Every structure is written in structure tokens, then in C-alpha cells.
Amino acid sequence: MTGITCLNLRFQLRVQEHYTMKFNTKTIHGGQQHDPAYGSIMPPIYQTSTYAQSTPGGHKGYEYSRTHNPTRHALENAIASIENGNFGLAFGSGLAAIDAILKLLKPGDEVISTNDLYGGTYRLFTKIFEDFGITFHFIGMNNASNIENYINAKTKLIWVETPTNPMMNIIDVKTTAQIASKHSILLAVDNTFATPYLQRPLDLGADIVMHSVTKYLGGHSDLVMGALVVKDKALANQLYFIQNASGAICGPQESFLAIRGIKTLHVRMQRHCENGKAIAEFLAQHPKIERVYWPGFETHPNHNIAKAQMDDFGGMVSFTTKGNNDKEAIKIVENLKVFTLAESLGGIESLAGHPASMTHASIPKEEREKTGVVDSLIRLSVGIEDIDDLISDLEHAIG
Ligand SMILES: *Cc1c(COP(=O)(O)O)cnc(C)c1O
């Protein structure tokens, strides 16, 4: 039995439980077991590259840590459990996880992708995989039926991010999954913004869920990591092959930190959502603010889809100041004291960013303005601090 088959069988012994546990229990126990050696409650950090064999091939399921490591394996099971999948794979970053999905494709294949998406994903698609002969169609998916206009015999993957970054567009995962399945195309969903606390794309029909674990799953701004979760065994084996063959894995220390993070995901997300709502509502009534982008508003163009596929609306809020210029926006982000001006999102601490000069600076102004990333746009990752402090910080900074 190869190492991978052996692990899959071991995993399947435990996988049954996650169909019955509630989400708030799964974050703590799902896919987890106490360490068989000494019963330690948390999985030990197996900081090792290799494993002793008694005879050639005589090992306990682990041969070499690129292929598998017990701490990473514990994390992969935990992520699979909270996403209601059967197989999890962890990578050195979110982009390494996306890179592994793209390696399922061959030159000549085509991908249909959300047009408002994480800048690093756009860069990976256009600057790396286009050179390998993959064609990408970046399209508006606010109306999912638009996708069908771009499908042909070469289409192999639909790439969806929802809510999108930073415009908080919502894409209908269920309808997109029906379209993908009708044409036998893989559907991958970047679930970084929502997390499985808010939406579970595999349950809605997606084939692959992707995470930048760096953000909410890790939750403490102390690691960089990516993950994939799938239900289908054949697809899992293809991805395990790529993970091992290309080698973009994460280490045991990060795996441990991510498990620790996931155990409080539900309590953190509950507070992120409460604080996000309070801040979106505060900004919406502020005379100096022009527009607030948050899927919880009834006026959000896809609010009904958000309500149907998400359990709450998350902690990401974007807004524009009146008069489209960057001076006012930059002054606000510089004046903030509780919010930190920084890239990234999803940690316990509140962060503010100015996409036009930070995350989206590499995109030409005309291009980014087409999707709404104007000079006066500010993106907030609302943390879990006391809401009164967050609101008075914004009040003071906006002036
Ligand atoms: C950060 C992020 C990524 C990339 O993940 P890294 O861990 O930074 O490589 C992908 N998608 C979204 C939505 C992100 O926010």
C-alpha cells in the first residue's frame, strides 16, 4: 500500500463524523484525533524531513515530509471537515494552492474567471499560465448566466471568487455549479473572504474550494498558507500528485498554527460579522461617505443571493469618500489609530487599505476603475476589537 492510499483509508475512518457534527463543534474536533503516541490534545509539531523504516518500505504511513507530514495531515483533515469535503491539501501559500489547480490543465485549455478578483490570482493567471498556453476569459459574473456565453469545447475550469476583493460582488455559486456540471467543467471557488462559517461551496456544487489560510482560517496574521478541499477521490488523487510532484507544501509549524486558528474560527467570525455590520451601517449614514460596499445591505445588487448562500455577511467592508480623489482617502487611512494601514485581511486586528495605491497599484487606472476600484476607495478588514473603539477611530479619521 502506498503512503497516500494508506492515509486516505485512515482518514475515511474518521470522515463519517463530520457529516453529523455541527459547525461550531467541527472547528474544534472535526477530522481531529488526539495524538496516538501520548494522547496530546493538540497534534505535535513533527519537525522532521524523514521517517525511520524497519525494512525497505516498512514505515508507519510516512516516508518523506514533502509527501506527507503528520502535523500537516492533521490540518488537512481539519480543513476538509469544516468545508464538508473528503480530502484536504495544504500548501505554502494561497497562490501555491491556486497554482496546483491550474496544473490540472493542458496547453490550449480555457478558463473562465471572475473579473474582479484578488490581484495575485490575476497575476498568476496572466503572467505565468498564459505563457503556458492557457487562455483566460475575465468576465462579470453578477449574472451567472453570462458564463454560458464564454463556454466552448476547450473550457476546463471556472474560477469564482465570492465575495470579490475589494468590491464585494456576490456570485451565485449554485447556479454557476449547475452550468459547470452541465458542460463537465470543473468549478473552483476561492472561499477566503467568506470562510466555511459563512458559505460552503462544495455543498452548493463546486468541485474545489480554495483558501488563503493566511487570512481568516489562520486568523492571527502570523502565517502564510493555502489550502484546497475536494469531495471527489479521483480529483483529490490528481491534486495530491501535483502537491507532491511540485512540492509547494507548508511546514509543520505553520500547520500547527493554522489548526490552532481554526479552533476559534466560529467565535472570531461571529464577532467579525457583528462588527462589520455595525461599521457598514455607521459609514452608510456618514455625510462624508459616498458609497458603502457590503453584501448585507438590501440595496446591494446581489443581496438576495448573498442571503441565500451565506449565513451572515462577513467582516469586509469597502467604501468611497465623496469627490473621487485619493487625497481624502489617503488622509483617512493615515489618521486611523486602532485600524492599522496594511495589506492582508482576516486577522483579529482591524486593518485598512487603499487599493488604488496598494493591492491594485499594478493595474492601470482605467482598468481598475472599470471594476469600481477608484482613487477614493478604502477597504476595511474589520477585526474583533470593541466596536465602540473602532467606530470612534473611524469618526475621528474621517473628521
Ligand atoms: C490573499 C488572498 C489570496 C492569496 O493568498 P496568499 O496566501 O497570499 O498566497 C488569494 N485569494 C484571496 C481572496 C486572497 O485574499
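Everything numeric in this text was worked out from a predicted model, so none of it was measured.

Colleague: Explain the nonpolar core to me, and be specific about the residues and the numbers.
Modeller: Membership of the largest hydrophobic core comes to 63 residues, with the highest contact counts inside it found for Ile 279, Leu 283 and Leu 380. Looking at this core, the element that brings in the most residues is helix H10 (residues 265-284), giving seven residues. Once residues lying within four places of it in the same chain are set aside, the contact partners of Leu 380 are Ile 279, Leu 283, Gly 315, Met 316, Val 317, Phe 319, Phe 339, Leu 351, Ala 352 and Leu 394. Counting residues in hydrophobic clusters, the runner-up holds 30 residues, among them Leu 89, Ala 96, Leu 102 and Leu 239.

Colleague: An account of the domain arrangement of the chain is needed here, citing residue identities and associated values.
Modeller: What the domain assignment lists for the chain is domain 1 (3-262) and domain 2 (265-398). Computed from C-alpha coordinates alone, the two centres of domain 1 and domain 2 are separated by 27 Å. Across the boundary between the two partners, domain 1 contributes 38 residues, which contact 36 residues of domain 2. A combined buried area of about 3100 Å² lies between domain 1 and domain 2, and 63% of that area is made up of carbon and sulfur atoms. In terms of surface lost to domain 2, no three residues of domain 1 exceed Met 167, Leu 198 and Tyr 216, which account for 25% of the buried area on that side. Between the two partners, domain 1 and domain 2, sit one salt bridge.

Colleague: I'd like a description of the pattern of salt bridges, backed by residues and values.
Modeller: Close approach of charged atoms lets side chains of opposite charge pair. Following the criterion strictly, the structure yields twelve salt bridges and no others. With a shortest N-O distance of 3.3 Å, Glu 148 and Lys 182 are connected by a salt bridge. Separated by 34 residues along the polypeptide, Glu 148 in the loop between strand S3 (135-139) and strand S4 (155-161) and Lys 182 in helix H6 (residues 173-182) bring together distant segments of the chain. Taking the relative accessible area as the measure of exposure, Glu 148 reaches 30% and is therefore partly exposed.

Colleague: Outline helix H14 (residues 387-398), supporting the account with residue identities and numerical values.
Modeller: Relative to the 16 Å expected for twelve residues at 1.5 Å per residue, H14 spans 16 Å between its end C-alpha atoms, a close match to the ideal helical length. Every buried residue belonging to H14 is among Leu 390, Ile 391, Asp 393, Leu 394, Ala 397 and Ile 398, and all of these are buried. Looking straight down H14, one finds its buried side chains confined to an arc of 155°; they lie on one side. Check the buried side of H14 and you find it contacts H10, strand S8 (289-293), helix H12 (326-335) and strand S12 (377-381). For H14, the side-chain oxygen to backbone nitrogen distance between the N-cap and Asp 388 is 2.9 Å, and the N-cap itself is Asp 386. Just downstream of H14, Gly 399 is the residue with a positive phi angle, here 75°.

Colleague: I'd love a proper account of the packing of H10 against H14, names of residues and values included.
Modeller: Put simply, H10 and H14 touch, their axes get as near as 10 Å, and they point 30° apart. Our classification of the angle between H10 and H14 gives roughly parallel. For the pair H10 and H14, the sense of crossing is right-handed. Across the interface between the two elements, Asn 275, Ala 278, Ile 279, Phe 282 and Leu 283 of H10 pack against Ile 387, Leu 390, Ile 391, Leu 394, Glu 395 and Ile 398 of H14.

Colleague: An account of the sheet that holds S3 is requested, with residue identities and associated values reported.
Modeller: Strand order across the open sheet formed by seven strands is S1-S7-S6-S5-S4-S2-S3, with mixed pairing between neighbours. The strands lining the two open edges of the sheet, one partner per strand, are strand S1 (87-91) and S3. Along the sheet, successive strands turn relative to each other by an average axial angle of 20°, direction set aside. Two elements, S1 and strand S7 (residues 226-230), share five bridges in a ladder whose sense is antiparallel.

Colleague: Describe the site of the ligand, listing the residues and the values that go with them.
Modeller: Close contacts around the ligand come from Ser 93, Gly 94, Leu 95, Tyr 118, Glu 161, Asp 190, Thr 192, Ser 212, Thr 214, Lys 215, Met 225 and Leu 345, and that covers them all. Taking Leu 95, its main chain carries an N or O atom lying 2.9 Å from an oxygen atom of the ligand. With respect to the ligand, the side chain of Ser 212 contributes an N or O atom lying 2.9 Å from an oxygen atom. Its free accessible area being 380 Å², the ligand has 93% of it covered by the protein chains. According to the grid-proximity analysis, the pocket containing the ligand is the largest pocket.

Colleague: Quick one: what's the story with the packing of aromatic side chains, residue by residue and with numbers?
Modeller: Following the criterion strictly, the structure yields ten aromatic pairs and no others. A ring pair is formed by Phe 23 and Tyr 197, whose centres lie 6.0 Å apart and whose planes are at 65°; its orientation type is edge-to-face. Of the two residues, Phe 23 is situated in helix H2 (residues 23-29) and Tyr 197 in helix H7 (residues 195-198); the sequence distance between them amounts to 174 residues. Classification of Tyr 197 as buried rests on a relative accessible area of 18%. Relative to Phe 132, the ring of Phe 129 has its centre 6.1 Å away and its plane inclined at 70°; by these criteria the two rings are edge-to-face. Within the aromatic cluster, the residues linked to one another by ring pairs are Tyr 122, Phe 125, Phe 136, Phe 138 and Trp 159.

Colleague: Give me the lowdown on the environment of Asp 326, citing residues and values where you can.
Modeller: By secondary structure assignment, the location of Asp 326 is in helix H12. As for Asp 326 and Ser 357, which are separated by 31 residues in sequence, their C-alpha atoms are 8.8 Å apart. Setting aside residues up to four positions removed in sequence, Asp 326 forms contacts with His 354 and Asp 375.

Colleague: Pulling in residues and values, what's your account of H12?
Modeller: Among the residues of H12, those classed as buried are Ala 329, Ile 332 and Val 333. Buried residues of H12, viewed axially, fall in a sector of 90°; they line one side. Facing away from the buried side of H12 by over 90 degrees, the exposed positions are Lys 327 and Glu 334. Those residues of H12 that are buried are in contact with strand S9 (316-321), strand S10 (340-341), strand S11 (351-353), S12 and H14. The backbone nitrogen of Lys 327 lies 2.9 Å from a side-chain oxygen of the residue at the head of H12, namely Asn 325.

Criteria and thresholds
- Residues numbered from 1 in each chain as written.
- Predicted model: local features only at pLDDT ≥ 70, side-chain atom pairs only at ≥ 80, totals over all residues.
- Heavy atoms only, no water.
- Core = buried A, V, L, I, M, F, W, Y, C linked by side-chain atoms within 4.5 Å.
- Buried < 20%, exposed > 50% of the residue type's maximum accessible area, 1.4 Å probe, protein only.
- Helix = DSSP H or I, 4+ residues; strand = E, 2+ residues; numbered from the N terminus.
- Contact = heavy atoms within 4.5 Å.
- Domains from an automatic or database assignment.
- Buried area = accessible area lost by both parts, 1.4 Å probe.
- Salt bridge = Lys/Arg side-chain N within 4 Å of Asp/Glu carboxyl O.
- Expected span 1.5 Å × (residues − 1).
- Arc of directions from axis to C-beta.
- Polar contact = N/O pair within 3.5 Å; in protein donor to acceptor, adjacent residues only side chain to side chain.
- Axes fitted to C-alpha atoms, helices over the stretch in contact; angles between N-to-C directions.
- Parallel < 35°, antiparallel > 145°, perpendicular 65-115°, else oblique.
- Left-handed = near helix turned anticlockwise from the far one by under 90°.
- Pairing = 2+ DSSP bridges.
- Near = heavy atom within 4 Å.
- Areas by Shrake-Rupley, 256 points an atom, 1.4 Å probe, with all protein chains shown as cover.
- 1 Å grid on protein atoms, 1.4 Å probe; cavity = no way out; pocket = protein on both sides within 12 Å on 5 of 7 lines; lining within 4 Å.
- Sits in = over half its atoms within 2 Å of the grid points.
- Phe/Tyr/Trp six-rings, centres within 6.5 Å; stacked < 30°, edge-to-face > 60°.

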